[in-house]
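A closer look at the structure
Residues per chain, in single letters:
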Amino acid sequence: QRKIMAKVHNDDKFFDFDAIGGWKDLKDSVEEMPDAYTKLIPELGDGDPDDAFSSIPYEKGFNLLYSLERMVGKDKFGEFTKA
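Counting from 1, residues in each chain are numbered in the order their sequence is written. Since the coordinates come from a predicted model, pLDDT governs what is reported: local features require at least 70, and pairs of side-chain atoms require 80 or more to be given and counted, while whole-chain, interface and lining totals use all residues. In computing side-chain properties, one takes all heavy atoms of the structure into account and sets aside hydrogens as well as water.

**Quick notes on the overall build of the protein chain**
Here is the rule we go by: Each helix corresponds to a stretch of at least 4 residues labelled H or I by DSSP, and each strand to a stretch of at least 2 residues labelled E; elements are numbered beginning at the N terminus. The atom set for the radius of gyration is the C-alpha atoms, and the globule formula is 2.2 Å times the number of residues raised to the power 0.38. Relative accessibility under 20% of the residue-type maximum defines a buried residue, over 50% an exposed one, and the middle range a partly exposed one, all with a 1.4 Å probe and only protein chains included. By definition, residues are in contact when any of their heavy atoms lie within 4.5 Å. Residue-level accessible areas treat just the shown protein chains as cover; the underlying method is Shrake-Rupley with a 1.4 Å probe.
What the protein chain contains, in helices and strands, is five helices and zero strands. Of the regular secondary structure in the protein chain, the N- to C-terminal order runs α-α-α-α-α. In terms of overall dimensions, the protein chain is more spread out than a globule: its C-alpha atoms have a radius of gyration of 15 Å, far above the 12 Å expected for 83 residues. Each principal axis of the C-alpha distribution contributes one length, and for the protein chain these read about 45 × 25 × 20 Å. Within the protein chain, the proportion of its 83 residues that are buried is 22%. Contacts spanning at least 24 positions in sequence make up 34% of the contacts within the protein chain whose residues lie at least 6 apart. About 6700 Å² of surface is accessible on the protein chain, with carbon and sulfur atoms providing 59% of the total.

**A closer look at the side chain of Ser29**
Checked against the element boundaries, Ser29 lands in helix H2 (residues 13-32). Once residues lying within four places of it in the same chain are set aside, the contact partners of Ser29 are Ser55 and Ile56.

**Focus: the nonpolar core**
A general feature of soluble globular proteins is that nonpolar side chains tend to end up buried together. We count it as follows: Put simply, a nonpolar core is a bunch of buried Ala, Val, Leu, Ile, Met, Phe, Trp, Tyr and Cys residues held in one set by side-chain atoms that sit within 4.5 Å of each other.
Grouped together as the largest cluster of nonpolar side chains are five residues: Leu26, Met33, Tyr37, Ala52 and Ile56. In this structure Ile56 touches Leu26, Ser29, Val30, Met33, Tyr37, Thr38 and Lys39, once residues within four positions along its chain are discounted.

**Notes on a nonpolar patch on the surface**
This is how it is decided: Patch membership requires over 30% relative accessible area and the absence of a salt bridge. Like charges are linked within 9 Å, and nonpolar side chains (Val, Leu, Ile, Met, Phe, Trp, Tyr) within 5 Å. Salt bridge, as used here, is a side-chain nitrogen of Lys or Arg placed within 4 Å of a carboxyl oxygen of Asp or Glu.
A surface patch of nonpolar side chains, about 700 Å² in accessible area, is lined by Leu40, Ile41, Leu64, Leu65, Leu68, Met71 and Val72. Mapped onto the elements of the fold, Leu68 is located in helix H4 (residues 56-72). Of the residues examined, Leu68 reaches a relative accessible area of 33% and is grouped as partly exposed.

**A closer look at the packing of H2 against H4**
Note the following rule: A fitted line through C-alpha atoms represents every axis, and for helices the fit uses only the stretch in contact; the resulting angles, taken between N-to-C directions, go from 0 to 180 degrees. When an angle is under 35 degrees it counts as roughly parallel; over 145 it counts as roughly antiparallel; between 65 and 115 it counts as roughly perpendicular; any other value is oblique. Helix crossings fall into two classes, left-handed where the near helix is turned counterclockwise from the far one by less than a right angle and right-handed where it is turned clockwise. Classification convention: Asp, Glu, Lys, Arg as charged; Ala, Val, Leu, Ile, Met, Phe, Trp, Tyr, Cys, Pro as nonpolar; all other residues, Gly among them, as polar.
At a minimum axis separation of 9 Å, H2 and H4 run at an interaxial angle of 130°. Here H2 lies oblique to H4, going by the angle between them. Relative to H4, the crossing made by H2 is left-handed. The segment H2 lies against H4, with Phe15, Ala19, Gly22, Trp23, Leu26, Ser29 and Val30 engaging Ile56, Glu59, Lys60, Phe62, Asn63 and Tyr66. For the contact of H2 with H4, the class distribution of residues is eight nonpolar, three polar and two charged.

Taken by themselves, the reported measurements are silent on function.
What follows is the structure in structure tokens.
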């Protein structure tokens, strides 16, 4: 989503700005949610799935993929994700 918005607006600042907002949302959500619901794959147990819904899995997944992209480079990571 962030890369699409940057392409649509032809400006990488859209990506950066949204990523900064996502990082803040992640930190806030982790502080508010019980530990069982802050994992990339939350442990629901007998809990209500609606109680576990948050941006945490999305933002953690984004940060993992973004870190990998930075480690291997945009071009190599792009080739990998197209496969």
